[in-house]
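The primary structure of each chain is shown beneath.
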Amino acid sequence: MTQQQVGIEVLLVEDDPGDVLMTREAFAEHKVANRLSVVSDGVSAMAFLRKEGEHADAPTPDLILLDLNLPRMDGREVLAAVKQDDVLRHIPVVVLTTSEAEEDVLRSYSLHANAYVTKPVDFERFIEVVRQIDDFFVSVVRLPRR
C-alpha cells in the first residue's frame, strides 16, 4: 500500500485556534486517510513526541507542521530539540508560520527544517497551501516507515 492509501500521521503545533480550524478543514476536504493531531505549545509538542504524561499513547507523526511563535517553548526551540533527538530527527518538520523575517527563514533551515512556508492571510490561499504540503508529503515524498 502507498502512503496515500494508508494516510499519514501529522502533528500540528499551533496556538491559533483559527489556523487549527483551517488546517483541520483543509485535511478533512483533501485526504480523509490522514490523521491530524494538534498541540498548542512547544512543551506539549515535546511531550507528545516523546509520549510523556497524557500523551503516552500518542501516535508517532510522519510529519510535523510547526508554528514558530508558540507559548511556553517557541517553535525554534522545538525544532532544535526534535533535530537533536536521535529518535525524532528523521521526522520531517515544515515550519508553517506568519513570519516572513529572513532571520527566521535562515535560522529554521540552519536548525534543519525540511521546509519553511509563510502562512497566507487569505482563507482560500491558506487552505490551498496546506493541501499542497499534504500532497507533497503524501504523494511525492517517500517517508521513513514507522
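Residues numbered from 1 in each chain as written. Predicted model: local features only at pLDDT ≥ 70, side-chain atom pairs only at ≥ 80, totals over all residues. Heavy atoms only, no water.

1. Side note on the packing of aromatic side chains
What counts, and what does not: Between the rings of Phe, Tyr and Trp (Trp by its six-membered ring), a pair exists once the centres lie within 6.5 Å; its type follows the angle of the planes, with under 30 degrees stacked, over 60 edge-to-face, and the other angles tilted. Each residue is assigned to one of three classes by its accessible area relative to the maximum for its type, calculated with a 1.4 Å probe on protein chains only: buried under 20%, partly exposed between the two thresholds, exposed over 50%.
Taken as a whole, this structure holds one aromatic pair when the rule is applied. Between Phe-136 and Phe-137, the ring centres sit 5.2 Å apart and the planes meet at 90 degrees, which makes this aromatic pair edge-to-face. Residue classification places Phe-136 among the partly exposed residues on the basis of a relative accessible area of 40%. For Phe-137, a relative accessible area of 7% puts it in the buried group.

2. Regarding helix H5 (residues 102-110)
Quick reminder: α-helices carry 3.6 residues per turn. Residues three or four places apart thus point the same way. Where we set the bar: Numbering of helices and strands starts at the N terminus; helices are DSSP runs of H or I of at least 4 residues and strands are runs of E of at least 2. By construction, the arc corresponds to the directions joining the helix axis to the C-beta atoms. In this analysis, two residues are considered to be in contact whenever any of their non-hydrogen atoms come within 4.5 Å of each other.
Here H5 has its buried residues at Asp-104, Val-105 and Ser-108. The buried residues of H5 occupy an angular sector of 100 degrees when projected down its axis, which confines them to one face. Residues of H5 that are exposed and point over 90 degrees away from its buried face: Glu-102, Glu-103 and Leu-106. Here the buried face of H5 lies against helix H4 (75-84), strand E4 (93-97) and strand E5 (115-118).

3. What about the sheet that holds strand E2 (residues 35-39)?
What counts here: Strands were regarded as paired on the criterion that DSSP finds at least two bridges between them. Angles here are taken between N-to-C directions and fall from 0 to 180 degrees, while the axes themselves are lines fitted to C-alpha atoms, restricted in helices to the stretch in contact.
Strands sit in the order E2-E1-E3-E4-E5 across an open sheet of five strands; the sheet is parallel. Each edge of the open sheet is held by one strand with a lone partner, namely E2 and E5. Strand-to-strand, the axes of this sheet are offset by a mean angle of 20 degrees, without reference to chain direction. Together, strand E1 (9-13), E2 and strand E3 (63-66) form the strand contacts of helix H3 (residues 42-49), whose direction differs from that of E2 by roughly 135 degrees. Relative to E4, helix H6 (residues 123-140) is tilted by about 175 degrees, and along the sheet it contacts E3, E4 and E5.

4. Describing the nonpolar core
We count it as follows: Only buried residues count toward a nonpolar core. Its members are Ala, Val, Leu, Ile, Met, Phe, Trp, Tyr and Cys residues joined through side-chain atoms within 4.5 Å.
Residues Val-13, Met-46, Leu-49, Ile-64, Leu-66 and Val-82 are the most contacted members of the largest nonpolar core, which totals 26 residues. Of all the secondary structure elements, the ones that give two or more residues to this core are E1, H3, E3, H4 and E4. At five residues, H4 tops the list of elements feeding residues into this core. Counting 22 residues, the second largest nonpolar core, distinct from the first, contains Leu-12, Met-22, Val-117 and Phe-126.

5. A closer look at the packing of H3 against H4
Selection rule: What sets the label is the angle itself: under 35 degrees gives roughly parallel, over 145 gives roughly antiparallel, 65 to 115 gives roughly perpendicular, and the rest give oblique. Two helices that cross are described as forming a left-handed crossing if the nearer one is turned anticlockwise from the farther one by less than a right angle, and a right-handed crossing if clockwise. Ten residue types, Ala, Val, Leu, Ile, Met, Phe, Trp, Tyr, Cys and Pro, are classed as nonpolar, four, Asp, Glu, Lys and Arg, as charged, and the remainder, Gly among them, as polar.
Two elements in contact, H3 and H4, have axes whose closest approach is 9 Å; the angle formed by their N-to-C orientations is 20 degrees. In terms of orientation, H3 and H4 fall into the roughly parallel class. Of the two possible hands of crossing, H3 and H4 adopt the one that is right-handed. Where H3 abuts H4, its residues Gly-42, Ala-45, Met-46 and Leu-49 lie against Val-78, Ala-81 and Val-82. Across the contact of H3 with H4, the residue classes tally to six nonpolar, one polar and no charged.

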